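Chain and residue survey
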Amino acid sequence: MNLKRILILLKKEFTHGPKSFIFIWAIAAPLAFTLVATLAFGTLFSDKADLGIFDRGDSQLPLMAQEIDSFGTSEYGSIEDLRQATESGAVDIGIVLPVGFDEAVLQGEMLKIEGYIWGESLAKHRITLPIAIADLIRDIAGQEVPVEIESITLGGETGTPWNERLLPFLVLMGVFFGGLMLPSTSLIEEKQKKTLEALVISPASIAEIFIAKGILGITLSILMGVVILLLNQAFGGNLLLLIGVLALGSVMAVEIGLICGVFIKDITTLFTVWKSGGIFLFGPAIVYMFPQIPEWIAKIFPTYYALQPVVSLSLEGGGWSSIAVNVFILTGIDVLLLIPVGLAAKRLAQRS
Amino acid sequence: MAENVIVAEDLTCQFGDLVAVDHINFNVTKGKILGFLGPNGAGKTTTVKMLTGQLKPKSGKALLLGMDVAKNIEKVQSKIGVCFEETNLYQKMSALENLSLFAKLFGVRGFDAYTLLKRVGLEGREKDRVENYSKGMKQRLMVARSLVSSPEILFLDEPTSGLDPTSSEAIRNIILEERQRGATIFLTTHDMLEADKLSDYVAFMNQGKIVALDTPDNLKQKYGKRALKARVSNASGRLQNREIALDTPKTAEAIHSLFEKERVLTIHSEEATLEDIFIKITGRGLAE
Amino acid sequence: MNFSVIKTLVAKDFRLFSRNRFYALITFIALIFYMLIYFLMPPSVDETLEVGLYAPVVPPSFQLIHAVEGFGFIEFESEESLRLAVNEGEYYSGISLPADIMEKFEAGEKPQVKLYFSAAAAAEIKDTIEIMIRELSYQETGQSLAVDVSYDILGPDLIGEQIPPRDRMRLMLVIALIVFEMMGLASLIVEEVEQGTIRALLVTPMSVRDLFAAKLIMGTGLAFVQGLLFMTIVGGLNSQPLLVVTTLFLGSILFTGSGFFIASASSDMMSSMGWGIIAILVYTIPAFGIMFPGTVTGWVRFIPSYYIAETIHKASNFNSGWGDNWSNLLILLGFIALILSGGIMVLRRKFR
């Protein structure tokens, strides 16, 4: 094994890689999915109403509303903007606060204010928002709450918000898009264009070629995993351990990618395998998305052992003790995968 | 007078600053084979592209069957068959499907693909996908495709390039059969043996220009050097070569002297090859 | 134009398409998958916030709100049965009012109200119920607000007739279905250029016009048939069927023209997929904006597929007819003319 040759091959991979659409996909697709899925699922399954406010004066109501999490609040600069937002459904209800609103409320003056309701807003939002607005006005008026409320949460685990349920899926996608796709497409392309034959008869060995392709895949993989966790503000407290786990997961992705690259003959077949076989990669992520599915099902999939440590460290505040077993299993899988990778390398050398 | 089926008048093609084909002129009469010889990059394929309407000439005219290619492209293309240098078959279709497709495009009625495939030696493999064919089989299919419409003019661009001797011979036989049928054939190659065997006329192309155009025999006569080559054994038994130029005043004397003074083991005459002639004319080989 | 030649080319393209594992599989799977998604999604919208209530005495203000659409109290015989129901997840929340609530209000004291929430209840539901209890208590104790909000309803009022999420999703699904064919067509063309078969076609009596006509028929036909099949099965043609079908057809032509652009910009299969994905993402933005109102703003009108999405949405979900949508169709036709002619022009150059 010659390190200098590996570096030469790696440089070729890096300089060629960024122009490859797969490289762009491996970066753009997970990011796009992160943004889209967070927004989509966050919105689709959320029961939040949205309030729009145009304040002609200087009321504290918009600020107070923004501090409340049970509904969303947006402020607009003009009545036209508020109307448009309401008409388009960006907000369920829009209200216009007149000048001197707070003072009028404090003095108990009778006020008439304009409001807009989006025609497609749900009935329950048309109730809850006005009630919430009334509550805020009462706060401004300094009225004392005439009731004591005790809130009791019943049942076992708290429900997990959707953005947390989606995170494992996004992390897996980020790690595997780059880690799997880059080496596999690179190998297939080299086989098709016969440049691999030229490499094989050079002093570079198949192992060195594989390592160079693998390093690129791992680098991208870890980077994407980190970026996705960053976007979701889900680093947890153990960054080094997290990166270590991502690295081990990336190694798995790259090993599978190299195996695919050897045995699959063209890009369209690779995409077909990727599309139809994706369940084996993303199975554990689906279990995380739907907690009613028993966790033992997730453990059947090898990617679980890459995913669980990441979830534990980033979302559950876990440490080494909570992930040690799965990390060892993951390492074991990475080592075991070296066998088919070796066989693939041998097959490739023979064919070339 | 024989009809000129292929006419190139001052044909020129330029790519940026590079003049790929430089004001060439030639014509091919009906039922003849013109071998277009030249090294890689000489402009052969570019010439074919202009003649078949794939490329517009910068200047000059290409006429096929009396029609200006640029102005009557569809009519012209209905009368020609083209076998490309690079394989461009539908890989996911069978040989039968490939041929049937082109037969339909040419409007051939009652097309018998099986007979044609048998002719090119692909009997029994008609329904196999092209992606499973060997290189030789693909090339035969390429030739078969160019014959689908029984064209009046055949353009064959390196038809035997990279093939084994059996496949090459099969294709050469087809070429001769087509000539017998009355087709006019424009054959580009840098295989001088093939050109010598098949062509009625040979044109040498170099750096975009036609540097020679004549029958192979005339070219050999004009530029070639005939010689006698002998293998002799000297007194110590060592083998040596001797060469005597024919057609010189001293030839007879030299032959007499050879037999008198040396122990001649073998002797034969040899004429110049087209490659030798090409090198003589251009200063470079056909394979460069 | 030679119709026999065009027919031959269309048959050839269809054969090649069906033999391309990736696209054939994706087309079939996508159609089934999208239909499945549609039927799995809820067929109706729950506009009502249902809350369990245990109240030996129901204050008048609570009774009033019970009558308002969007809100419903489900009464329980005992606090224990309420607790059980919430604990088992039958209801997200439950309110337990004390028996002496009215006495306490009259005496100016603060009655203690217990709120039960299930573990799965979202934070916004908890806040909403608490705010509601406070507001009802204010009203019960005669602390009225000197603020009167008069609301205008913007857009069609769909209360009681809300568009189910799956019918909003339907638009996104059908556009995703037909827009994907753009990538399929582009890759078919790129494959022909890569393999050189386009050169073989160009030296036959077939004209370039025939070639483009065949590609246009193939691309449009494939997309349109899928879209039509999908919309028929999921009930998308129940309102304004002719308008929806026409829009689908025009949309298919638009995406076919875009496929020509993608093919001309691509050097190989991989880059055609890369550009194709980017185009798909852009074209689905308007449908996304309709699915999640308020997420996109005015600039979306520059995306040609906006006029497809808007028309189909209005026609199938609001029974909006030709009179309301003629301008959309006109603009769409303009985009089609531009994109189709541009696509043909650039692709023609690539063939030469």
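Residues numbered from 1 in each chain as written. Chains lettered and ligands numbered in written order. Predicted model: local features only at pLDDT ≥ 70, side-chain atom pairs only at ≥ 80, totals over all residues. Heavy atoms only, no water.

1. Digging into the interface of chain B and chain C
Listed by partner, the interface residues are 25 residues for chain B and 20 residues for chain C. In this assembly, chain B packs against chain C so that about 2300 Å² is buried in total across both faces, 61% of it on carbon and sulfur atoms. Looking only at chain B, the three residues that lose the most surface to chain C are B:Tyr90, B:Lys92 and B:Leu105, adding up to 29% of its buried area. Here C:Arg15 and B:Glu97 are joined by a salt bridge, their closest N and O atoms 3.8 Å apart. Where chain B touches chain C, the interface holds seven residue pairs in polar contact (both at pLDDT 80 or more). (Contact = heavy atoms within 4.5 Å. Buried area = accessible area lost by both parts, 1.4 Å probe. Salt bridge = Lys/Arg side-chain N within 4 Å of Asp/Glu carboxyl O. Polar contact = N/O pair within 3.5 Å; in protein donor to acceptor, adjacent residues only side chain to side chain.)

2. Details of the interface of chain A and chain C
Tallying the contact residues gives 82 residues for chain A and 81 residues for chain C. Between chain A and chain C lies a buried interface of about 7000 Å² when both sides are counted; carbon and sulfur atoms form 66% of it. Our count for the contact surface shared by chain A and chain C stands at six salt bridges. Notably, a salt bridge pairs A:Glu144 with C:Lys110, separated by 3.0 Å at the nearest N-O pair. Residue composition of the side of chain A that touches chain C, by class: 36 nonpolar, 24 polar and 22 charged. Note: strand E5 (residues 148–154) of chain A against strand E4 (residues 112–118) of chain C, seven bridges, orientation parallel. From the neighbouring strand, A:Leu154 faces E4(C), where its bridge partner is C:Ser118. (Nonpolar A, V, L, I, M, F, W, Y, C, P; charged D, E, K, R; others polar. Pairing = 2+ DSSP bridges. Helix = DSSP H or I, 4+ residues; strand = E, 2+ residues; numbered from the N terminus.)

3. A word on the sheet that holds strand E9 (residues 201–206) of chain B
Residues and elements named next belong to chain B. The strand order across the open sheet formed by six strands is E6-E7-E8-E3-E9-E10, and the pairing between neighbours is mixed. Pairing within the sheet leaves two strands with one partner each, and these edge strands are strand E6 (80–83) and strand E10 (209–214). For this sheet the average axis-to-axis angle between neighbouring strands, irrespective of direction, equals 15°. Examined bridge by bridge, strand E3 (residues 33–37) and strand E8 (residues 184–189) share five bridges and lie parallel to one another. Across the sheet, Leu37 pairs through a bridge with Thr189, a residue of E8. Across the sheet, helix H6 (residues 165–181) lies against E3, strand E7 (153–157) and E8, angled at about 155° from E8, the strand it touches most. The sheet strands contacting helix H10 (residues 274–282) are E3, E9 and E10, and the helix crosses E9 at an angle near 40°. (Axes fitted to C-alpha atoms, helices over the stretch in contact; angles between N-to-C directions.)

4. Details of helix H1 (residues 3–19) of chain C
Here H1(C) is 17 residues long and its end C-alpha atoms lie 24 Å apart, about the 24 Å a rise of 1.5 Å per residue gives. Listing the buried residues of H1(C) in full gives C:Val5, C:Ile6, C:Thr8, C:Leu9, C:Val10, C:Lys12, C:Asp13, C:Leu16 and C:Phe17. Where H1(C) is buried, its residues meet helix H3 (95–105) of chain B together with helix H2 (21–40), helix H7 (165–195), helix H8 (197–202) and helix H9 (208–233) of chain C. The backbone nitrogen of C:Ser4 lies 3.1 Å from a side-chain oxygen of the residue at the head of H1(C), namely C:Asn2. (Expected span 1.5 Å × (residues − 1). Buried < 20%, exposed > 50% of the residue type's maximum accessible area, 1.4 Å probe, protein only.)

5. Let's talk about the packing of helix H9 (residues 206–231) of chain A against helix H10 (residues 239–263) of chain A
Residue and element names in this part refer to chain A. Taken N-terminus to C-terminus, the directions of H9 and H10 make an angle of 135°; their axes are 8 Å apart at the nearest point. Taken together, the axis directions place H9 and H10 in an arrangement best described as oblique. For the pair H9 and H10, the sense of crossing is right-handed. Residue-level inspection shows Phe210, Lys213, Gly214, Gly217, Ile218, Ser221, Ile222, Gly225, Val226 and Leu229 of H9 in contact with H10, the latter providing Leu242, Ile243, Leu246, Ala247, Ser250, Val251, Val254, Leu258 and Val262. Considering only residue class, the contact of H9 with H10 consists of 13 nonpolar, five polar and one charged. (Parallel < 35°, antiparallel > 145°, perpendicular 65-115°, else oblique. Left-handed = near helix turned anticlockwise from the far one by under 90°.)

6. Examining a nonpolar patch on the surface
All names here are of chain C. A surface patch of nonpolar side chains, amounting to about 640 Å² of accessible area, comprises Phe28, Ile29, Ile32, Phe33, Leu36 and Leu40. Relative to the assigned elements, Ile29 resides in helix H2. Under the relative-accessibility criterion, Ile29 is labelled partly exposed at 37%. (Patch = residues over 30% accessible without salt bridge, like charges linked within 9 Å, V, L, I, M, F, W, Y side chains within 5 Å. Areas by Shrake-Rupley, 256 points an atom, 1.4 Å probe, with all protein chains shown as cover.)

7. Quick word on the packing of H7(C) against H9(C)
Geometrically, a packed helix pair is captured by the angle between its two axes and the distance between the axes. Residue and element names in this part refer to chain C. Where H7 contacts H9, the two axes come as close as 9 Å, and the packing angle between them is 155°. Judged by the inter-axis angle, H7 sits roughly antiparallel to H9. Considering only the axes of H7 and H9, their crossing is right-handed. Of H9, the residues touching H7 (which contributes Arg170, Leu173, Val174, Leu177, Ile178, Glu181, Leu185, Leu188, Ile189 and Glu192) are Lys215, Met218, Gly219, Leu222, Ala223, Gln226, Gly227, Phe230 and Met231. In terms of residue class, the contact of H7 with H9 is made up of 12 nonpolar, three polar and four charged.

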